[in-house]
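A closer look at the structure
So the chains spell out like this:
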Amino acid sequence: MTYNSAITIGKFDGFHLGHQILLQDISDRAESDGLKAVCCKLRFPGSNIMSTGEDADFLKNNFPNIDRIEYIDFTPEFAAMSPEEFVKEYLINKLSAAYVVVGTDFRFGKNRSGDTETLKNLGEKYGFKVRVCDKLQVDGSVDSSSRVRENLEKGDMETVEKLLGYSYKLDGKVASGKKLGRTLGFPTINLEIGQDKLLPAYGVYASIVKIGKKTDNETDTSEGSQNDGRRVYKGITNIGIRPSIDDGDKPTVETFIYDFNEDIYGSDVTVIPVHYIRQEQAFGSLDELIEQINKDIDTARKFT
């Protein structure tokens, strides 16, 4: 059997800067040794910093030497595998591993019983090389998906971008809304977002809005640029349940775009929330809501 893959394995929730070190490593190794680079991603139930479509696009745009992303669903059957069973079934039989790179905290197998030393020993047994990379530090602490999630939950988009190395974004199509914003004097677009996408803290954000499909030369690490083939606007976005309007139980992503009055229903749109302005709140009247929206717009313009 020919072992011909350079592999990295992990949860890779969001592909933050620490993850990107591992991705660059297999990309370089694949090029230097004539291997196929494979990102092996463990998939857990629930929402993620990146949706499945977004993470595939991220690899395509930023690490073109990586041949594919291999998803492994964390099922009870998978969780019950011993470390050696995992290596034999996935790394050897399925992926033909010649080289594997992981972080220092990598654990695998039933009850997380395997660690990096286990992986090195199994590499010697089955004939693949193992490299263990130190964790990346950002502002004195380890860069991690948990830190990204914590800051998303606070709406701290500036720190989120620093940890990810790119702007957090919300991709989707413009859906038909109730058009209540138009009656208030602030026509908005409503974005359809998949349930597997982790949303930031509910509230109001200054935002960048991109309209249209991406061109192939766009890099996700420069979402704020205007040279990716799409029209770029500035706006203000409400993420949440709109307590002054309908107090729903399903969150919405609703954006008022400055100096824009086109019907773009069904269009592809990316919303990049760049700064958290305030939390959602209920107002006593629509007049109070309109007054606050005007204040929010004045604040938002300072950050975009």
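Our structure's up above, just so we're on the same page.
In what follows, the accompanying structure is described.

What counts, and at which threshold
- Residues numbered from 1 in each chain as written.
- Predicted model: local features only at pLDDT ≥ 70, side-chain atom pairs only at ≥ 80, totals over all residues.
- Heavy atoms only, no water.
- Pairing = 2+ DSSP bridges.
- Helix = DSSP H or I, 4+ residues; strand = E, 2+ residues; numbered from the N terminus.
- Axes fitted to C-alpha atoms, helices over the stretch in contact; angles between N-to-C directions.
- Contact = heavy atoms within 4.5 Å.
- Salt bridge = Lys/Arg side-chain N within 4 Å of Asp/Glu carboxyl O.
- Buried < 20%, exposed > 50% of the residue type's maximum accessible area, 1.4 Å probe, protein only.
- Right-handed = clockwise from strand over helix to strand, strands pointing away.
- Phe/Tyr/Trp six-rings, centres within 6.5 Å; stacked < 30°, edge-to-face > 60°.

**Concerning the sheet that holds strand S3 (residues 66–73)**
Across the sheet, five strands lie side by side as S3-S2-S1-S4-S5; this open sheet has parallel pairing. Bordering the open sheet on either side are S3 and strand S5 (129–133), each of which pairs with just one other strand. Pairs of neighbouring strands in the sheet enclose a mean axial angle of 20°, with direction left out of account. Looking at chain direction, strand S4 (residues 97–103) and S5 are connected through five bridges and run parallel. Bridge pairing in S5 links Gly103 to Cys133. Along the sheet, helix H2 (residues 52–62) contacts strand S2 (36–43) and S3; its crossing angle with S3, the most-contacted strand, is approximately 155°.

**Structural notes on the environment of Leu191**
Looking at the element boundaries, Leu191 is found in strand S9 (residues 188–192). In this structure, the C-alpha to C-alpha distance between Leu191 and Ala175, residues 16 residues apart in sequence, is 5.8 Å. Here Leu191 is in contact with Leu170, Asp171, Gly172, Lys173, Val174, Val253, Val269 and Val271, once residues within four sequence places are set aside.

**Things to note about the pattern of salt bridges**
In the structure shown here, the tally under the stated rule is 18 salt bridges. Within this structure, Arg68, Glu70 and Lys94 form a network of salt bridges that share partners.

**A word on the pairing of S2**
Remark: a regular strand shows side chains that alternate across the two faces of the sheet. Across the eight residues of S2, six count as buried, placing the element largely inside the fold. Strand direction decides the pairing type here: strand S1 (residues 5–10) and S2, joined by six bridges, are parallel. Paired with Gly10 across the strands is Lys41, a residue of S2. Note that the unit made of S1, helix H1 (residues 17–33) and S2 has a crossover that is right-handed. Direction of pairing for S2 relative to S3: parallel, over a ladder of seven bridges. Looking across to S3, one finds that Ala37 is bridged to Ile66. Once the chain exits S2 it traverses H2 before rejoining the sheet at S3, and the crossover so formed is right-handed.

**Regarding the pairing of S1**
Where burial is concerned, most of S1 is hidden: six out of the six residues are buried. Of the strand pairs in this sheet, S1 and S4 are connected by four bridges, and their pairing is parallel. Residue pairing for S4: Ala6 is matched across the bridge by Tyr99.

**Focus on the sheet that holds strand S8 (residues 170–175)**
The strand order S8-S9-S12-S11-S10-S13 describes a closed barrel built from six strands, whose pairing is antiparallel. Averaged over all adjacent pairs, the angle separating strand axes in this sheet is 45°, with direction ignored. Inspection of the sheet shows S8 paired to strand S13 (residues 268–278) by four bridges, in the antiparallel sense. Each bridged residue has a counterpart across the sheet, and for Lys173 the counterpart in S13 is Asp268.

**Side note on the environment of Leu122**
Tracing the sequence through the fold places Leu122 in helix H5 (residues 116–126). The sequence separation of Leu122 and Lys88 amounts to 34 residues, and the corresponding C-alpha distance is 9.2 Å. With sequence-adjacent residues up to four places away left out, Leu122 is seen in contact with Pro83, Glu84, Val87, Phe108 and Phe128.

**Points about unusual backbone geometry**
Of note in this structure, Phe12 is not a glycine but carries a positive phi near 50°. Among the structural elements, Phe12 can be located in the loop between S1 and H1.

**Details of the side chain of Thr237**
Mapping Thr237 onto the fold places it in strand S11 (residues 231–240). For Thr237, a relative accessible area of 1% gives the class buried. Here Thr237 is in contact with Gly203, Val204, Tyr205, Ser207, Val253, Glu254, Thr255 and Val271, once residues within four sequence places are set aside.

**Remarks on the packing of aromatic side chains**
As enumerated under the stated definition, the model contains 15 aromatic pairs in all. Taken together, a centroid distance of 5.8 Å and an interplanar angle of 35° make the contact between Phe12 and Phe15 tilted. Of the two residues examined, Phe12 and Phe15, each falls in the buried class. Ring centres 5.9 Å apart and planes at 85° place the aromatic pair Phe78 and Phe86 in the edge-to-face group.

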